[in-house]
Amino acid sequence: MTIANQTLRSFAVAAGAVATAAGIGVAALVNFRNFKGRLAESAAMLNETLPVHSLWWRTHAKVKGELLYVAIGDSAAQGIGASSPDRSYVGLLADHIRLATGRTMRVVNLSVSGATVELAVRDQLPRFVKLSPDIVTVAIGANDIALWDPVRFESGIREIFAVLPEHTLVADLPCFHLPANERKVAVANQILRAVAAEHGLAVVPLHATTKRQGVRSIATHVAEDLFHPNDRGYRVWAEAFLPAVSADVARLIPQELAPQ
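Treat the numbers as computed from the prediction; the structure is a model and nothing was measured. (Residues numbered from 1 in each chain as written. Predicted model: local features only at pLDDT ≥ 70, side-chain atom pairs only at ≥ 80, totals over all residues. Heavy atoms only, no water.)

### Section: the overall build of the protein
Using the following cut-off: Under the DSSP-based scheme used, a helix requires at least four consecutive residues in state H or I and a strand at least two consecutive residues in state E, with every element numbered from the N terminus. Working definition: with a 1.4 Å probe on protein chains only, accessible area under 20% of the residue-type maximum means buried, over 50% means exposed, and in between means partly exposed. Contacts between residues were defined by any pair of non-hydrogen atoms, one from each residue, lying within 4.5 Å.
Each helix and strand in the protein was counted, giving 10 helices and five strands. Out of the 260 residues belonging to the protein, those deemed buried represent 40%. In the protein, the share of contacts with a sequence separation of at least 24, taken over all contacts with a separation of at least 6, comes to 80%.

Structure representation (structure tokens):
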């Protein structure tokens, strides 16, 4: 083979490699755009469920019961991403409490989708202080990670925790798995636990429980928007609360139903 032919062959191989790489690059770009499009569609579909879930909780808040369970939180308490509102962790815990106590219960879910700690202070606390709940759960702060401000976060947490009854169960922030977010979550949870200790509040280990599910749980425990839990994910959230909830509701079980 002459040098000229070798050169032409090298150019041909190189051109083929470039074309292949370009093809792979275009395919990857198309797949990424398709993925972003599907993600946007999924998020839009979940957004349409926001008023549905909110109405469901407002309607059920009117149901009378012997016990009052009040939840403070964000879209996770609303159950966005679940197949129905009652499959959120709040709904699952409510079912558990009814079974454990043998008593009827009214659930007032004060949570608001998209709520930050600051918004919870503004929108949820004024309603909360008018109630006298037997059971209280608080899971708030995940939305603060996007625009992280530790000073603002701690200020809001202090305002919320200052008005909570001593039997309140507060969850730390769940695991985000992504290192950049996890660094912020670590600071948030350190603040949350310190303030909870000052007020004698029990902290539910939501971060440790969700972290144990591993990165693979993104494919199995998360809704199609890749942010909210799905039914399986909410069961994990409820499991994180259950030991503390079970210990707390023991005081609410009628004497005749209590184990001897």
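Structure's up, so let's keep going.
### Brief notes about the pattern of salt bridges
Applied cut-off: Salt bridge, as applied in this entry: a Lys or Arg side-chain nitrogen positioned within 4 Å of an Asp or Glu carboxyl oxygen.
For the structure shown, the criterion picks out nine salt bridges. For Asp123, the salt bridge goes to Arg122, with nearest N and O atoms at 2.7 Å. By relative accessible area, which is 30% here, Asp123 ends up partly exposed. Of the residues examined, Arg122 reaches a relative accessible area of 57% and is grouped as exposed. Taken together, the shared-partner salt bridges connect Glu154, Arg158 and Glu198 into one network.

### Remarks on the packing of aromatic side chains
Condition: Think of it this way: a Phe, Tyr or Trp ring, Trp meaning its six-membered ring, pairs with another when their centres are within 6.5 Å, and the plane angle makes it stacked under 30 degrees, edge-to-face over 60, tilted otherwise.
For the structure on display, the rule yields five aromatic pairs. Between Tyr234 and Trp237, the ring centres sit 6.3 Å apart and the planes meet at 65 degrees, which makes this aromatic pair edge-to-face. Of this pair, Tyr234 and Trp237 are both found in helix H10 (residues 231–249), three residues apart, which corresponds to roughly one turn of the helix. Classification of Tyr234 by relative accessible area gives buried; the value is 0%.

### Quick word on the side chain of His207
Structurally, His207 is set in helix H8 (residues 206–211). Judged by its relative accessible area of 16%, His207 falls in the buried class. Excluding residues within four positions of it along the chain, His207 makes contact with Asp172, Leu173, Pro174, Cys175, Glu182, Val185 and Asn189.

### Observations regarding the nonpolar core
Under the convention used in this document: For the purposes of this section, nonpolar cores are sets of buried Ala, Val, Leu, Ile, Met, Phe, Trp, Tyr and Cys residues that join through side-chain atoms within 4.5 Å.
The biggest cluster of nonpolar side chains holds 32 residues, and the ones touching the most others in it are Ile140, Ile157, Ile160, Phe161, Leu164 and Val170. Considering every element that reaches this core, the biggest residue donor is helix H7 (residues 179–199), with six residues. Once you skip the residues sitting within four places of it in the chain, Ile160 turns out to touch Val117, Ala120, Val121, Leu125 and Ile140. With 28 residues, the next largest nonpolar core counts Ala77, Leu169, Ala238 and Leu252 among its residues.

### Things to note about the confidence of the model for the protein
Definition in use: Think of pLDDT as the predictor's per-residue confidence, scored from 0 to 100.
Chain-level statistics for the protein give a pLDDT mean of 85 and a share of 79% at 70 or above. Overall, residues 1–32 carries pLDDT values under 50, and its contacts beyond four positions in sequence, including any with other chains, amount to two contacts. Under a pLDDT of 50 for its full length, residues 34–39 has, in the predicted model, four contacts with residues more than four places off or in other chains.

### Looking at helix H6 (residues 150–162)
Inclusion rule: Under the convention used throughout, the expected extent of a helix is 1.5 Å for every residue step, that is, one less than its residue count. Summarising the geometry, the arc corresponds to the directions from the helix axis toward the C-beta atoms. Under the rule applied, a polar contact is a pair of N or O atoms within 3.5 Å (in protein, one hydrogen donor and one hydrogen acceptor; residues adjacent in sequence only if both atoms are side-chain atoms).
Compared with the 18 Å implied by 1.5 Å per residue over 13 residues, the 18 Å span of H6 between its first and last C-alpha is a close match. Within H6, the full set of buried residues consists of Phe153, Gly156, Ile157, Ile160 and Phe161. Axial view of H6: buried residues confined to an arc of 125 degrees, hence all on one face. At its buried positions, H6 is contacted by helix H4 (117–123), helix H5 (125–128), strand E4 (169–171) and H7. One side-chain oxygen at the N-terminal end of H6 lies 3.1 Å from the backbone nitrogen of Val151; it belongs to Asp149.

### A word on the pairing of strand E3 (residues 135–139)
Inclusion rule: If DSSP finds at least two bridges between two strands, the strands pair. A crossover gets the label right-handed when its path from the first strand over the helix to the second runs clockwise, viewed with the strands pointing away from the viewer.
Across the five residues of E3, five count as buried, placing the element largely inside the fold. Covered by surrounding structure in E3 are Ile135, Thr137 and Ala139 together with Val136 and Val138, the residues of both alternating faces. Where strand E1 (residues 67–73) and E3 come together, five bridges link them in parallel fashion. The partner of Tyr69 across the bridge, within E3, is Ile135. Pairing analysis gives two bridges linking E3 to E4, with the strands arranged parallel. Paired with Val138 across the strands is Val170, a residue of E4. In this view, the connection linking E3 to its parallel neighbour E4 by way of H6 has right-handed handedness.

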